[in-house]
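Observations on the three-dimensional arrangement
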Amino acid sequence: MSSLIFEEAKKVTNGFNLGEEVVDIERFGSGHINETFRVTSRNGSVKSYLLQKINHHIFTNVDGLMNNINIVTNHLKSLYNTIGLDGEKHTLTIIPTKSGDLYCQDDKGDYWRVFILIEGTKSYDIVETTKQAYSGGQAFGKFQKQLSTLDANKLVEVLPNFHNIDFRMANLRKAISANKANRLDEVQDILNYIFEREERMRNIIKMSEKNELPLRITHNDTKFNNVLLDQDDNVQCVIDLDTVMPGYVAYDFGDAIRTIINSAAEDEKCLDKVVLNIPLFKAYAEGYLSEAKDFLTEKEIESLWYGVLLLPYMQAVRFLSDYIDGDLYYKTHYADHNLVRTKTQIKLVKELELHEEELSSILNTALVK
Ligand code: ADP
Ligand code: GN1
Ligand code: MG
């Protein structure tokens, strides 16, 4: 870890009540946006916390974002309390600053927050078993169900148009026109592939224009590593709540499948390894529908498959736009990292299209289970 960020993190912990002495700070997780640390402190016993520097270039309304998380986690805690479960183990808990704020700002203007680190949990970048996939499905299905009783007007839309494909395509077109990093020539084939599919990927938008889909409170970043499972791979907690805001259920379903059905990493360079793990798809769909099928409308059920095709496609559009822009949005670890990520997502779209009939029929069967 660069010593500068370590110094910053250490300094910032003084503003929170984390015990007598911070004994260790290490980097944690593999997210693309925020900087995450595990902080270990001693106060008689040893306790761990999760410290995050919020990327305020992306999340410009940090106050609104932290208020959203506070509202959502308080709502979930009150639901857990009514069934006698410890809310601090099943949702995030914000540790306020010494002056009682939900976050603090350092002298460089960066924003920091602290959560309780839920011990004995695991998260997976790549899903390994059907049990894990089923639990992930249950976790996000239950999350949507629990939030269905929260008034959506209480939340601010932290990132407007986040999953709006027309908005993402408009951004791609802007990136192409500006060609900031002079990278257009090498991505022409990918662009052709993307534009050929543009209309087909507008199914959810079209349904929304016809008022066929209810807006619900959704998670909007249902990557599988945003679920914590316990040691036996049962559901523990849904995390990474920065993007919780009004949305369509199909976006959450599709984004989870995007990371679950891929046998390889999101940035796998060898595209032959990017193949579908269909049993994991089935398990996630069954887990999700076991929680969600009672509240989903018929049209929402119809939209789930469109989400499965759309989310890897939209992710390709987002990674590619950032590559063309010169890597301004996502953290990258080498020069063409965003291009590698784009190609992986495109390969996924191709695989999903090839298996469309089989996968849709699995989804229909999961519905009547
Ligand atoms: P990012 O925005 O960088 O994805 P996350 O909030 O998802 O950040 O955190 C990164 C990783 O840290 C998660 O994938 C998970 O492994 C771990 N993590 C996050 N919050 C907690 C928590 N409260 N308790 C235990 N582990 C956590
Ligand atoms: C980002 O922060 P992280 O890694 O969980 C991104 C998601 C993308 C994801 C792709 C706010 O999520 O939308 O799907 O990367 N988050 C934001 O891996 O843009
Ligand atoms: Mg995350």
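What you are looking at is a predicted structure, and each value in this text was computed from that prediction instead of being measured.

What counts and what doesn't
- Residues numbered from 1 in each chain as written.
- Chains lettered and ligands numbered in written order.
- Predicted model: local features only at pLDDT ≥ 70, side-chain atom pairs only at ≥ 80, totals over all residues.
- Heavy atoms only, no water.
- Near = heavy atom within 4 Å.
- Polar contact = N/O pair within 3.5 Å; in protein donor to acceptor, adjacent residues only side chain to side chain.
- Areas by Shrake-Rupley, 256 points an atom, 1.4 Å probe, with all protein chains shown as cover.
- Nonpolar A, V, L, I, M, F, W, Y, C, P; charged D, E, K, R; others polar.
- Domains from an automatic or database assignment.
- Donors = N, O, S within 2.8 Å, 3.2 Å for Na, K, Ca; no water.
- Helix = DSSP H or I, 4+ residues; strand = E, 2+ residues; numbered from the N terminus.
- Expected span 1.5 Å × (residues − 1).
- Buried < 20%, exposed > 50% of the residue type's maximum accessible area, 1.4 Å probe, protein only.
- Arc of directions from axis to C-beta.
- Axes fitted to C-alpha atoms, helices over the stretch in contact; angles between N-to-C directions.
- Parallel < 35°, antiparallel > 145°, perpendicular 65-115°, else oblique.
- Left-handed = near helix turned anticlockwise from the far one by under 90°.
- Contact = heavy atoms within 4.5 Å.
- Salt bridge = Lys/Arg side-chain N within 4 Å of Asp/Glu carboxyl O.
- Buried area = accessible area lost by both parts, 1.4 Å probe.

Let's shift gears to the site of ligand 2. Contacts to ligand 2 come from 17 residues, most closely from His32, Asp221, Lys223, Gln315 and Tyr329. With respect to ligand 2, the side chain of Glu266 contributes an N or O atom lying 2.8 Å from an oxygen atom. A distance of 2.5 Å is found between an oxygen atom of ligand 2 and a side-chain nitrogen or oxygen belonging to Tyr329. Summarising the interface, the protein chains cover 96% of the accessible area of ligand 2, which totals 440 Å² for the free molecule. For the shell around ligand 2, the residue count by class is 7 nonpolar, 4 polar and 6 charged. Here the shell around ligand 2 spans two domains, since at least three of its residues come from each of domain 1 (3-60 + 92-116) and domain 2 (130-367).

It is worth spelling out the site of ligand 1 at this point. As a structural note, the neighbourhood of ligand 1 is formed by 18 residues, with Ile118, Ser123, Asn225, Asn226 and Asp240 the closest of them. The separation between a nitrogen atom of ligand 1 and a polar main-chain atom of Ile116 is 3.0 Å. For ligand 1, whose accessible area on its own is 550 Å², the fraction buried by protein is 92%. Partitioned by chemical class, the residues of the shell around ligand 1 number 8 nonpolar, 9 polar and 1 charged. Shared between two domains, the shell around ligand 1 holds at least three residues of each, these being domain 1 (3-60 + 92-116) and domain 2 (130-367).

On to the coordination of the magnesium ion (ligand 3). Looking at the metal site, the magnesium ion (ligand 3) is ligated by Asn226 (OD1) and Asp240 (OD), spaced 2.2 Å from it. Separated by 14 residues along the polypeptide, Asn226 in the loop between strand 7 (216-218) and strand 8 (227-229) and Asp240 in the loop between strand 9 (235-238) and strand 10 (245-247) bring together distant segments of the chain.

Glancing now at helix 5 (residues 165-178). Here helix 5 contains 14 residues, and its C-alpha end-to-end distance of 20 Å stays within 8% of the 20 Å for a straight helix at 1.5 Å per residue. For helix 5, the set of buried residues is Ile165, Arg168, Met169, Leu172 and Ala175. Seen end-on, helix 5 carries its buried residues on one side only, within an arc spanning 115 degrees. Away from its buried face, by an angle of more than 90 degrees, helix 5 presents the exposed residues Lys174 and Ser177.

It is worth spelling out the packing of helix 5 against helix 6 (residues 188-196) at this point. With their axes 12 Å apart at the nearest point, helix 5 and helix 6 run at an angle of 150 degrees to one another. In terms of axis orientation, helix 5 runs roughly antiparallel to helix 6. Crossing of helix 5 over helix 6 shows left-handed handedness. Residues Met169, Leu172, Arg173 and Ile176 of helix 5 touch helix 6, and the partners they reach there are Leu191, Ile194 and Phe195. Here the residues of the contact of helix 5 with helix 6 are counted per class, giving 6 nonpolar, no polar and 1 charged.

Further remarks concern the packing of helix 4 (residues 130-147) against helix 9 (residues 278-292). Packing of helix 4 against helix 9 leaves a shortest axis separation of 7 Å and a crossing angle of 30 degrees. The angle between helix 4 and helix 9 places the two elements in the roughly parallel class. Where helix 4 crosses over helix 9, the two elements pack in a sense that is right-handed. Residues Thr130, Ala133, Tyr134, Gly136, Gly137, Gln138, Phe140, Gly141, Lys142, Gln144 and Lys145 of helix 4 form the contact with helix 9, whose own contacting residues are Pro279, Leu280, Ala283, Tyr284, Glu286, Gly287, Tyr288, Ser290, Glu291 and Ala292. In the contact of helix 4 with helix 9, the residues fall into 9 nonpolar, 8 polar and 4 charged.

Under the criterion given, the structure shown has 30 salt bridges. Ionic pairing is found between Glu21 and Arg42, a salt bridge with its closest N-O pair at 2.5 Å. Of the two residues, Glu21 is situated in strand 1 (residues 21-27) and Arg42 in strand 2 (residues 35-43); the sequence distance between them amounts to 21 residues. In this structure Arg42 comes out as partly exposed when scored by relative accessible area, which is 36%. Notably, a salt bridge pairs Arg38 with Glu26, separated by 3.8 Å at the nearest N-O pair. You can see Arg38 sitting in strand 2 and its partner Glu26 sitting in strand 1, a full 12 residues away along the chain. Take Arg38: its relative accessible area is 19%, and that puts it in the buried class. Here the salt bridges share partners, and the residues they tie into one network are Asp166, Glu199, Arg202, Lys206 and Glu209.

Okay, the domain arrangement of the chain next. When its domains are assigned, the chain resolves into domain 1 (3-60 + 92-116) and domain 2 (130-367). Relative to domain 2, the C-alpha centre of domain 1 lies at a distance of 29 Å. With 10 residues of domain 1 at the contact, the number on the domain 2 side is 15 residues. Both sides of the domain 1 and domain 2 interface together cover about 1,100 Å² of buried area, and 54% of this is carbon and sulfur. Taken as a group, His32, Phe59 and Leu92 account for 57% of the area that domain 1 buries against domain 2, more than any other trio of residues on that side. Taking the shortest distance from any N to any O, the salt bridge between Arg113 and Asp242 comes out at 2.7 Å.

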